[in-house]
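Each chain is listed here by its residues.
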Amino acid sequence: MSNREYAHQLLDKVPESKIFYIVGILEGAAIPDEEPNAETLAAFAEVDEMKRTGAGEHFSGSTEDLFNMILEG
């Protein structure tokens, strides 16, 4: 029996009062996986290269310090 067939069997056993919760989960799971576009793939590659070489800006302060730095711009 496939997982899909098993899921159908289980769904048939879920009381109507709980179907609402299952529908929410299924709606989220039914969203197709998206393929990253070329710009996103290039950004991933850039970060990988920065991690490999140790390049880029590093921050070692607290989260509060980081937000203050961002807000001060």
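Heads up: the structure comes first, above all this text.
The rules we used
- All residue numbers refer to position in the chain's written sequence, counted from 1.
- Given that this is a predicted model, residues contribute local features only at a pLDDT of at least 70 and side-chain atom pairs are listed and counted only at 80 or more, while totals for whole chains, interfaces and linings are drawn from all residues.
- Derived side-chain values reflect all non-hydrogen atoms in the structure, with water molecules and hydrogen atoms excluded from consideration.
- Helix numbers and strand numbers start at the N terminus; a helix is a DSSP run of H or I with at least 4 residues, a strand a run of E with at least 2.
- The size measure is the radius of gyration over C-alpha atoms, and the globule rule it meets is 2.2 Å times the number of residues to the 0.38 power.
- For the exposure calls, accessible area comes from a 1.4 Å probe over protein chains only, and a residue counts as buried if that area is under 20% of its type's maximum, exposed if over 50%, partly exposed in between.
- The method behind every accessible area is Shrake-Rupley, applied with a 1.4 Å probe, and residues are considered shielded solely by the protein chains displayed.
- The positive count covers Lys and Arg only, the negative count covers Asp and Glu only, and His and the chain ends enter neither.
- By convention, charge coordinates are those of NZ in Lys, CZ in Arg, CG in Asp, or CD in Glu.

**Considerations on the overall build of the chain**
Move 1: In terms of regular secondary structure, the chain is built from four helices and zero strands.
Move 2: When the helices and strands of the chain are read in sequence order from the N terminus, they spell out α-α-α-α.
Move 3: For the chain, the C-alpha radius of gyration of 23 Å lies well beyond 11 Å, the compact-globule estimate for 73 residues.
Move 4: Its C-alpha atoms give the chain principal-axis dimensions of roughly 55 × 30 × 20 Å.
Move 5: Looking at the chain as a whole, 1% of its 73 residues are labelled buried.
Move 6: Within the structure as shown, the chain displays about 7,000 Å² of accessible surface, and the carbon and sulfur contribution to it stands at 57%.
Move 7: Mean positive and mean negative side-chain charge positions of the chain (5 and 15 charges, respectively) differ by 14 Å.

Remember, this is a structural readout, not a statement about activity or role.
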